[in-house]
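# Close look at the chain arrangement
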Amino acid sequence: MPEVVDTCSLASPASVCQTKHLHLRCSIDFARRVLTGTAALTVQSQEDNLRSLILDTKDLTIEKVVINGQEVKYTLGERQSYKGSPMEISLPIALCKNQEIVIEISFETSPKSSALQWLTPEQTSGKEHPYLFSQCQAIHCRAILPCQDTPSVKLTYSAEVSVPKELVALMSAIRDGEAPDPEDPSRKIYRFSQKVPIPCYLIALVVGALESRQIGPRTLVWSEKEQVEKSAYEFSETESMLKIAEDLGGPYIWGQYDLLVLPPSFPYGGMENPCLTFVTPTLLVSVNFSSSEVIAHEISHSWTGNLVTNKTWDHFWLNEGHTVYLERHICGRLFGEKFRHFHALGGWGELQNSIKTFGETHPFTKLVVDLTNVDPDVAYSSVPYEKGFALLFYLEQLLGGPVDILNQVDWNTWLYSPGLPPVKPNYDMTLTNACIALSQRWITAPLPLGHIQRMQAVYNFNAINNSEIRFRDLAAFDKSHDQAVRTYQEHKASMHPVTAMLVGKDLKVE
């Protein structure tokens, strides 16, 4: 079988060498908005006579590279747009196949690193301390440290992170103690260990004035103190979801499953960082089912995505389609099979909307995309989630028939053709029809002021923080487009780089 090439990485492929372990020692500098440190990479050669290797970097300053106590030569190639710059390292000896070597790289990030967002105290809930968080998916780990930034390479990692002593550091790993920084009494060092091999995009870091509450035997919820009690209440059912997921997928092998509620500028609903799921504060809505899908989704990633991972981002649907499928089984166990079908049908609607937005022949509506010279952030949409789920849901409904039933699946159209899937699965319409009937009663009835007031009395819309409900009035978005663009331009500098890019794309200004 020919080697699968990751066109989103400039690093040596997994067939040449593989990073097996990372030990990260770094210091967080809020004044300069940089992370400074040393990445010690244990690299195993996959071929004989390996004399050099290439790592991904993006906007990094490299101080030196050391192997076996001696500085070695390296070169940084020209910047290649969103992919960054290849870093070629000359090895002091030629490596044999399976031979390992430790490469120590001293580096510093850029204040404009695409992986990091630095918040001023004024941008936090407490208004007293600064805040830092990372988002490495899909290809932003290279903007934190030199690495093979591809999901085809998995590594374990350990870390020592120095931060101001009044702040707390967390990572996508098991917490392994803390101690005063021997080089600076105003700082503290936090230690971490991740013993399950992960791709680089799952390395994550957060630093802030964080507190925690225990909500289960293996779960803490973390946030600024202003949200911690509300967060603990909102996610109190996490352990029951974990148990259902284990029943469906097998033992949870990561040890701890913590949740971190981030500031509003976090660019996604959730991020499946191992041991520490990142979630948006828009989930803190105190409405039944509001957070269930997101948490069930991120829990599911502990099996689909984090354990079994797409080899390249062209096959992102393997991560997300399977995760949505497992997520909806968890919610089906919690709320009933009709609820599973209800949300599955809602996902089909999301898929229709995405395909309508792209255009039904757009290559990004394929299940397997070609990301050659395409930033994966630009290709991001609901398609790999919902078209991937639709394929698995369709297969679920096919199984149980004749032995050769899978031969009847039009695999080529499902995987490689743009637009909607060739077959729409069957959905139980009970809950959907009930919602449609209720909505029609409101639509067909006149809506004088008294009716609007009655809607407020019944649904209490003004007290709902659910962003999906509050933003329904954006149906009249065209009327507010100019104001939205002005607001975006005014606040773009304080957004996470991925958020800024995605919002700019939605507003069609970038």
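Details of the structure are given in the entry above.
Residues numbered from 1 in each chain as written. Predicted model: local features only at pLDDT ≥ 70, side-chain atom pairs only at ≥ 80, totals over all residues. Heavy atoms only, no water.

### What about the overall build of the chain?
Quick reminder of the rule: Under the DSSP-based scheme used, a helix requires at least four consecutive residues in state H or I and a strand at least two consecutive residues in state E, with every element numbered from the N terminus. For this measure, only C-alpha atoms enter the radius of gyration; the expected value for a globule follows 2.2 Å times N^0.38, where N is the number of residues. Exposure is judged per residue with a 1.4 Å probe applied to protein chains only, and the accessible area is read against the type maximum: over 50% gives exposed, under 20% gives buried, and values in between give partly exposed. By definition in these notes, contact holds between two residues if any of their heavy atoms fall within 4.5 Å.
Scanning the chain for helices and strands turns up 13 helices and 20 strands. Against the 2.2 N^0.38 benchmark of 24 Å for 510 residues, the chain shows a C-alpha radius of gyration of 24 Å, consistent with a compact globule. Dimensions of the chain, computed from C-alpha atoms along their principal axes, come out at roughly 80 × 60 × 50 Å. Counting over 510 residues, the chain shows a buried share of 52%. Considering only residue pairs separated by 6 or more positions, the chain has 69% of its internal contacts joining residues 24 or more positions apart.

### Re the pattern of salt bridges
Definition in use: What makes a salt bridge here is a side-chain nitrogen of Lys or Arg within 4 Å of a carboxyl oxygen of Asp or Glu, nothing more.
If you walk through the whole model with that rule in mind, you get 15 salt bridges. Where D258 meets R175, a salt bridge forms, and the shortest distance between an N and an O atom there is 3.6 Å. One end of the pair, D258, is in strand β18 (residues 258-261); the other, R175, is in strand β13 (residues 174-180), and 83 residues separate them in sequence. Here the residues in one salt-bridge network are D29, R32 and E108, joined through shared partners.

### Details of the sheet that holds strand β14 (residues 187-198)
In plain terms, the rule: Pairing between two strands is assigned when DSSP locates at least 2 bridges connecting them.
Read from one edge to the other, the open sheet built from eight strands follows the order β5-β4-β8-β2-β1-β11-β14-β13, with strand pairing classed as mixed. Each edge of the open sheet is held by one strand with a lone partner, namely β5 (70-71) and β13. Where strand β2 (residues 34-45) and strand β8 (residues 100-108) come together, nine bridges link them in antiparallel fashion. Across the sheet, the residue bridging to A40 is E104, located in β8.

### What to know about the packing of helix α4 (residues 316-335) against helix α7 (residues 383-398)
Two quantities define a packed helix pair, namely the angle between the axes and the distance from one axis to the other. In plain terms, the rule: Between the N-to-C directions of two axes lies an angle of 0 to 180 degrees, each axis being a line fitted to C-alpha atoms and, for a helix, fitted only over the stretch in contact. Note on angle classes: values under 35 degrees are labelled roughly parallel, values over 145 roughly antiparallel, values of 65 to 115 roughly perpendicular, and the remainder oblique. Handedness of a crossing is defined here by the sense of rotation of the near helix relative to the far one, left-handed for an anticlockwise turn of less than a right angle and right-handed for a clockwise turn. In the scheme used here, Gly and all other residues not listed as nonpolar or charged are polar, with Ala, Val, Leu, Ile, Met, Phe, Trp, Tyr, Cys and Pro taken as nonpolar and Asp, Glu, Lys and Arg as charged.
Interhelical geometry of α4 versus α7 gives an angle of 60° and a closest axis separation of 7 Å. Regarding the angle of α4 to α7, the classification is oblique. The hand of the α4/α7 crossing is right-handed. Contacts between α4 and α7 pair F316, W317, E320, G321, H322, V324, Y325, R328 and H329 from the former with P384, Y385, E386, G388, F389, L391, L392, F393 and E396 from the latter. Taken together, the residues of the contact of α4 with α7 break down into ten nonpolar, four polar and four charged.

### Describing the state of the cysteines
Note the cut-off: A pair of sulfur atoms, both from cysteines and within 2.5 Å, is called a disulfide here.
Per the stated rule, a full pass over the model turns up zero disulfides. Lacking any disulfide linkage, C26 is separated from the closest cysteine sulfur, that of C141, by 12 Å. Given a relative accessible area of 6%, C26 falls into the buried group. Left unpaired, C275 is separated from the closest cysteine sulfur, that of C136, by 15 Å. Judged by its relative accessible area of 4%, C275 falls in the buried class.

### What about the side chain of S45?
For S45, the position within the fold is in strand β2. The class for S45 is buried, based on a relative accessible area of 0%. Those residues in contact with S45 that lie beyond four places of it in its chain are V16, C17, L50, L95, C96, K97, N98 and Q99.

### A few points about the packing of aromatic side chains
Both the distance between ring centres and the angle between the ring planes are used here to describe each pair of aromatic rings. Here is the rule: Geometry of aromatic contacts follows a simple scheme: Phe, Tyr and Trp rings, the Trp one being its six-membered ring, pair when their centres are within 6.5 Å, and the pair is stacked under 30 degrees between planes, edge-to-face over 60, tilted otherwise. For a Lys NZ or an Arg CZ to count as sitting over a ring, it must be within 6 Å of the ring centre and within 35 degrees of the ring normal.
In the structure shown here, the tally under the stated rule is 16 aromatic pairs. Each ring, one from F316 and one from Y385, has its centre 6.0 Å from the other, and the planes form 90°; the classification is edge-to-face. Taken together, the residues span a long stretch of sequence, with F316 in helix α4 and Y385 in helix α7 at a distance of 69 residues. Each member of the pair F316 and Y385 is classed as buried. Centre to centre, the rings of Y394 and W414 are 5.3 Å apart; their planes meet at 20°, and the pair counts as stacked. Remark: W414 occurs in helix α8 (residues 411-416) and Y394 occurs in helix α7; sequence separation between them is 20 residues. Residue classification places W414 among the buried positions, given a relative accessible area of 0%. Counting every residue linked through ring pairs, the aromatic cluster contains Y201, W313, F316, Y380 and Y385. Its end group placed over the ring of F389, R328 keeps NZ or CZ at 4.6 Å from the ring centre.

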